[in-house]
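Listed below are the residues making up each chain.
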Amino acid sequence: MAKWKILVRPISILCAAVQNRDTGFLPTTAPPEGFKLQEMTAKESDALKTDYPENAVVVTTIPSIIYRDPPDPDGNSEWIVLGPTKQLVFKAPGYPRAVSKATGLPTYEVRLTQDMGFGMFATRDIKVGELIFAERPLLVMPANFRLLAADVPLPRNVEDIHATQMAILMQSEKTLEYAVDRMSPGNQKAFKALANMHTEDGSGPLMGIIRTNAYLIGSLYDGEKLVEPRQNGYVGICNLGSRINHRLTESCMPNVDNVFSVASFSFQFRASRDIEAGEQLFYAYCDENLTAAERKAKLARYAIVCSCAACAHATPETDKLRKEYEQLIDAHDIKSKTWTKARSVDKSTLEPLLEFQNALIKEGLHGTKKYGLLLGVLSRLYLKLGQHDNAKDCLEKLREYHNLSYIN
């Protein structure tokens, strides 16, 4: 099966229409006077072609579908990508690798919740760092929507910015229609069944789904390095991943994190802390280091009122903890490295460190990658105090946290 490319003029960056995790709803307005939707022109190209001009926007199926090849058991993604980046992925070590599978008994089920539509729930106890599931996204595209509408002129002044945003959304929808039409019938159905919270702000139906459900992909970007995720990065829209409630209803105490494997072109969702059977899975929408008031203000743009324990029981002390916990863990880590050279460490050092650990757990911050660093601090202290069993327990838990960054 042949793939297609779309050639566009050199790209200009407009930091306007980017994924909704930070921008919220756009004010509705009309496009610039005289704006006309451009019909998309496409040129057929070999599925394995990688030598594109620098400014070529390519719509491709990945892994590539070659005539008479059996279907990929892990499925395929539609990918809107700058030509040179396609080449980088095709040359990535291990590509195209099979999608990783969770081991043991099934880890999750999708079912209706009382107040937030469908949700995903653990069907058994899941250890921190353990793979819950992995999947190829339905669609991957530039996080900077401007790349989908490069022919829309840049705004002439500040007053034209909102009108230009509308034009970008309208023109981008044409590219998205083309990409979604290329999906298999099953993927099309799954994509169009996803939630859309952007029905009244100028977003088309496909862009609305994307702006509601997109995950940033930190390991996939245009150029030699990631400048800023929303400038030269990519986003992915998942089927199962979109059932983890992190947009329609918020949890500021996450228990799931993800990484993106370029080699298998898939998201891997892992437990960010120990999860008990029956718990609903949550993915953090807000940064964990925001105060309750800051989280509330950020979510208000999406008409979301968070009812998680961290918001319901927030105090000035918990706000201070969230603002400072990363720096405090770093400071403890630096200090702990001096213990190895010290002749002894006072036992009184342990109690405030355990109090700090308990405060993090109570606030749900043991579901962050930074928490693993604190386990390393505790293991060093336990060793210095001769509490070898406690040190061993910390090191075993630390190894589980290291799996959060493991990509296979």
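Cut-off values and rules
- Residues numbered from 1 in each chain as written.
- Predicted model: local features only at pLDDT ≥ 70, side-chain atom pairs only at ≥ 80, totals over all residues.
- Heavy atoms only, no water.
- Helix = DSSP H or I, 4+ residues; strand = E, 2+ residues; numbered from the N terminus.
- Contact = heavy atoms within 4.5 Å.
- Salt bridge = Lys/Arg side-chain N within 4 Å of Asp/Glu carboxyl O.
- Buried < 20%, exposed > 50% of the residue type's maximum accessible area, 1.4 Å probe, protein only.
- Patch = residues over 30% accessible without salt bridge, like charges linked within 9 Å, V, L, I, M, F, W, Y side chains within 5 Å.
- Areas by Shrake-Rupley, 256 points an atom, 1.4 Å probe, with all protein chains shown as cover.
- 1 Å grid on protein atoms, 1.4 Å probe; cavity = no way out; pocket = protein on both sides within 12 Å on 5 of 7 lines; lining within 4 Å.
- Points joined across faces, edges and corners; volume = space filled by probe spheres on them.
- Nonpolar A, V, L, I, M, F, W, Y, C, P; charged D, E, K, R; others polar.
- Polar contact = N/O pair within 3.5 Å; in protein donor to acceptor, adjacent residues only side chain to side chain.
- pLDDT = per-residue confidence, 0-100.
- Axes fitted to C-alpha atoms, helices over the stretch in contact; angles between N-to-C directions.
- Parallel < 35°, antiparallel > 145°, perpendicular 65-115°, else oblique.
- Left-handed = near helix turned anticlockwise from the far one by under 90°.
- Pairing = 2+ DSSP bridges.
- Core = buried A, V, L, I, M, F, W, Y, C linked by side-chain atoms within 4.5 Å.
- Phe/Tyr/Trp six-rings, centres within 6.5 Å; stacked < 30°, edge-to-face > 60°.

Describing the overall build of the chain
Part 1 of the reasoning: Tallying secondary structure elements over the chain gives twelve helices and twelve strands in all.
Part 2 of the reasoning: Contacts in the chain between residues at least 24 apart in sequence constitute 75% of all its contacts with a sequence separation of at least 6.

A few points about the pattern of salt bridges
Part 1 of the reasoning: Considering all chains together, one arrives at 18 salt bridges under this definition.
Part 2 of the reasoning: A salt bridge links Arg273 to Glu279; the shortest N-O distance between them is 2.9 Å.
Part 3 of the reasoning: Exposure remark for Arg273: the relative accessible area of 13% places this residue in the buried category.
Part 4 of the reasoning: Close ionic contact of Glu324 with Lys320 constitutes a salt bridge, the shortest N to O distance being 2.9 Å. Of the two residues, Glu324 and Lys320 are both situated in helix α9 (residues 316-339); the distance of four residues between them amounts to about one turn of the helix.

Description of the environment of Gly119
Part 1 of the reasoning: Structurally, Gly119 can be placed in strand β6 (residues 118-122).
Part 2 of the reasoning: A relative accessible area of 0% means that Gly119 is categorised as buried.
Part 3 of the reasoning: In the structure, Gly119 is positioned 124 residues away from Arg243 in sequence and 5.4 Å away in space, judged by C-alpha atoms.

Digging into a nonpolar patch on the surface
Part 1 of the reasoning: A contiguous nonpolar patch, built from Leu48, Ile66 and Tyr67 and spanning about 320 Å² of accessible area, is present on the exposed surface.
Part 2 of the reasoning: Relative to the helices and strands, Tyr67 is located in the loop between β3 (56-62) and β4 (77-82).
Part 3 of the reasoning: Overall, the relative accessible area of 62% leaves Tyr67 in the exposed class.

Brief notes about the layout of surface pockets
Part 1 of the reasoning: Roughly 400 Å³ of volume is contained in the second largest pocket.
Part 2 of the reasoning: In terms of lining, the second largest pocket is formed by 22 residues, of which the most central are Thr61, Pro63, Ile65, Asp72 and Asn76.
Part 3 of the reasoning: Its residues assigned to classes, the lining of the second largest pocket comprises ten nonpolar, seven polar and five charged.

A short note on the side chain of Ser77
Part 1 of the reasoning: Relative to the elements of secondary structure, Ser77 occurs in strand β4.
Part 2 of the reasoning: The buried category is assigned to Ser77, whose relative accessible area is 1%.
Part 3 of the reasoning: A polar atom in the side chain of Ser77 sits 2.5 Å from the backbone oxygen of Pro137.
Part 4 of the reasoning: The residues contacting Ser77, other than those within four sequence positions of it, are Thr60, Thr61, Ile62, Arg136, Pro137, Leu138 and Phe265.

Comments concerning the confidence of the model for the chain
Part 1 of the reasoning: Here the chain shows a mean pLDDT of 84. Residues at 70 or above account for 87%.
Part 2 of the reasoning: Per-element confidence in the chain is highest for strand β7 (residues 131-135), whose mean pLDDT is 97, and lowest for helix α1 (residues 20-23), whose mean pLDDT is 38.
Part 3 of the reasoning: Considering only residues more than four positions removed or in separate chains, one finds that residues 1-23, a stretch of pLDDT under 50, has 103 contacts.

Topic: the packing of helix α10 (residues 350-362) against helix α11 (residues 370-384)
Part 1 of the reasoning: Where α10 contacts α11, the axes come no closer than 11 Å and their chain directions differ by 155 degrees. In terms of orientation, α10 lies roughly antiparallel with respect to α11. Considering only the axes of α10 and α11, their crossing is left-handed. On α11, the residues touching Leu350, Leu353, Leu354, Phe356, Gln357, Leu360 and Ile361 of α10 are Tyr371, Leu374, Leu375, Val377, Leu378, Leu381 and Tyr382.

Some details on the sheet that holds strand β11 (residues 256-261)
Part 1 of the reasoning: A sheet is described by the order of its strands in space; here three strands give the open sequence β7-β12-β11, paired in antiparallel fashion. Among the strands making up the open sheet, the edge pair consists of β7 and β11. Taking each pair of neighbouring strands and ignoring which way they run, the sheet shows an average axis angle of 20 degrees.
Part 2 of the reasoning: Bridge count between β7 and strand β12 (residues 266-271): four bridges; the pairing is antiparallel. Considered in β12, the bridge of Leu131 is made with Arg270.

Considering the nonpolar core
Part 1 of the reasoning: Counting residues in hydrophobic clusters, the biggest one holds 63 residues, and the most contacted among them are Leu139 and Phe191.
Part 2 of the reasoning: If you tally residues by element for this core, the top one is helix α3 (residues 161-181), at eight residues.
Part 3 of the reasoning: In contact with Leu139, not counting residues within four places along its chain, are Glu78, Ile80, Leu176, Ala179, Met183, Phe191, Ile210, Val235, Gly236 and Ile237.
Part 4 of the reasoning: Listed in part, the 24 residues of the second largest apolar core include Ile329, Val345, Tyr401 and Leu404.

Notes on the packing of aromatic side chains
Part 1 of the reasoning: Applying the stated criterion to the full structure yields twelve aromatic pairs.
Part 2 of the reasoning: Here the aromatic rings of Phe90 and Tyr95 are separated by 5.3 Å at their centres, their planes lie at 25 degrees, and the arrangement is stacked. By the burial criterion, Phe90 is buried, and Tyr95 matches it.
Part 3 of the reasoning: Where Tyr371 meets Tyr401, the ring centres are 5.4 Å apart and the plane angle is 50 degrees; that geometry is what we call tilted. In this pair, Tyr371 sits in helix α11 while Tyr401 sits in helix α12 (residues 388-402), placing the two residues 30 residues apart along the sequence.
Part 4 of the reasoning: Owing to a relative accessible area of 7%, Tyr401 belongs among the buried residues under this scheme.
Part 5 of the reasoning: Three or more aromatic residues joined by ring pairs form one cluster here, namely Trp79, Tyr108, Phe133, Tyr215, Tyr234, Phe260, Phe265, Phe267, Phe269 and Tyr283.

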